[in-house]
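# Summary of structural features
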2 protein chains.
Amino acid sequence: MSKADRTREFIIEKTAPIFNVKGYAGTSISDLTEATGLTKGSIYGNFENKDEVALAAFDCNYKKISSYLKAEMDKHSSYKEKLLVHASFYENFFKAPFPDGGCPILNTAIEADDTHPQLRERASEAISSWKNKIMELIKKGIDNKEFRPDVPLEQTAISLIALIEGGIMVAKLTGKLNYRKLIMQSVEKAINDLT
Amino acid sequence: MSKADRTREFIIEKTAPIFNVKGYAGTSISDLTEATGLTKGSIYGNFENKDEVALAAFDCNYKKISSYLKAEMDKHSSYKEKLLVHASFYENFFKAPFPDGGCPILNTAIEADDTHPQLRERASEAISSWKNKIMELIKKGIDNKEFRPDVPLEQTAISLIALIEGGIMVAKLTGKLNYRKLIMQSVEKAINDLT
DNA sequence: TATAAAAAATACCAATCGGTATATTTTTGC
DNA sequence: GCAAAAATATACCGATTGGTATTTTTTATA
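Not measured: the values here are computed from a predicted model. (Residues numbered from 1 in each chain as written. Chains lettered and ligands numbered in written order. Predicted model: local features only at pLDDT ≥ 70, side-chain atom pairs only at ≥ 80, totals over all residues. Heavy atoms only, no water.)

### Thoughts on the interface of chain A and chain B
Counting residues at the interface gives 39 residues for chain A and 39 residues for chain B. With both chains or domains summed, chain A and chain B bury close to 3,500 Å², and 66% of this area falls on carbon and sulfur atoms. Between the two partners, chain A and chain B, sit four salt bridges. The salt bridge involving Asp114(A) is made with Lys172(B); its shortest N-O contact spans 2.4 Å. Listing elements by their share of the side of chain A that touches chain B, those giving two or more residues are helix H1 (3–26), helix H6 (104–112), helix H7 (117–143), helix H8 (153–174) and helix H9 (177–192) of chain A. The leading source of residues in the side of chain A that touches chain B is H8(A), at 15 residues. Taken together, the residues that form the side of chain A that touches chain B break down as 17 nonpolar, 14 polar and eight charged. (Contact = heavy atoms within 4.5 Å. Buried area = accessible area lost by both parts, 1.4 Å probe. Salt bridge = Lys/Arg side-chain N within 4 Å of Asp/Glu carboxyl O. Helix = DSSP H or I, 4+ residues; strand = E, 2+ residues; numbered from the N terminus. Nonpolar A, V, L, I, M, F, W, Y, C, P; charged D, E, K, R; others polar.)

### Some details on the protein's contact with DNA strand D
Ala4(A), Thr7(A), Ile29(B), Lys40(B) and Tyr44(B) are the nearest of the 18 residues found near DNA strand D. The share of sugar and phosphate among atoms of DNA strand D within 4 Å of the protein is 69%. Note that a phosphate oxygen of DNA strand D is positioned 2.7 Å from one of the backbone N or O atoms of Ile29(B). Tyr44(B) places a side-chain nitrogen or oxygen 2.7 Å from a phosphate oxygen of DNA strand D. Mapped onto the surface near DNA strand D, the elements with two or more residues apiece are H1 and helix H3 (40–46) of chain A together with helix H1 (3–26), helix H2 (29–36) and helix H3 (40–46) of chain B. Partitioning the surface near DNA strand D into residue classes produces four nonpolar, nine polar and five charged. (Near = heavy atom within 4 Å. Polar contact = N/O pair within 3.5 Å; in protein donor to acceptor, adjacent residues only side chain to side chain.)

Quick look at the structure:
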């Protein structure tokens, strides 16, 4: 790993939470130099422009949550338990190892959908692959006789994602622990209803 | 209505959709002068600063959706039908009279929750009063024997909001009509399950 | 319709924006 | 350990940012 590669990683690691908290438009190059202790010349020596840092930052934040999900799912053997990881996923969303600022998919989707096609595409692909993963789990759960055979695959998957993401918004906005708890119970109920 | 009041209304009306599309940080004063055809002096003659325009813009956008919801609910007599307005609310969200840029509560929540306490408070209050409204409808529906007496009030209300808001994000991000349809069916199902 | 008051336009401000050319320092391979 | 190359820092750029002081125009009233 060359010096440049290490610096690049360092910059991404330090600035990813900033983009997630302040957004693309709200994050300035001087935010990046402050967070890294590097100078503008160094940032621009390793990245073509602000866009490239922002895209790399999204990938970094996204990887944190998707690899957490995958690792937690791998701990369980039943498909119901794998799906139920989404409840603990949601419950723990505001603690480490999750990035500061909430869900990067949600944050990026809201800011970029009308303003930044590249970031929008990243978020859109994230939703799509998340949906496919859930559908796959349900399908395998049906084959395994864990779930009812008539569970609507796509509807269940996309609605579960909507419930979780909307729940993250509500919980983070209001700061009410009770809201988080209640929505988490709804996530659990939605999954239990598949059996 | 004085000239100043009319100009103030004019500025709010013209700039509210811009704030909803570009966000607070992404909207500049020159965006406001372009949209209104007025000059900077005129904007600052009617508003103290950018914050004050943004807050008025949020109120304007929020009023559009809340008055739509209220008007539609008033058309129905049963509490179930009143609740089901949320499905058509969601279905029609990307057409007039809804403001450009998606749900202003969601947009403001995501951008402002870590960065702008005043806007955050506005969004938080909007969620809170929406939740109370839904709880009130369910309660009356229970008293009216439309709904089961054991429906969990707060959980149902806050989870319905989460599902709708998450659904708006997913539908707007991906542009997939099918996702919108599927999530809308989940909203309907959640309400039908109360009976 | 003349006039005072209010509103809008003009012209300006320092600070910051994203970005670059160049100089200096630090790695790297021999 | 020495050069060449790569990486970082410095110094700078024009454009734009949010905001203000002042002048001109428009509105309301007597």
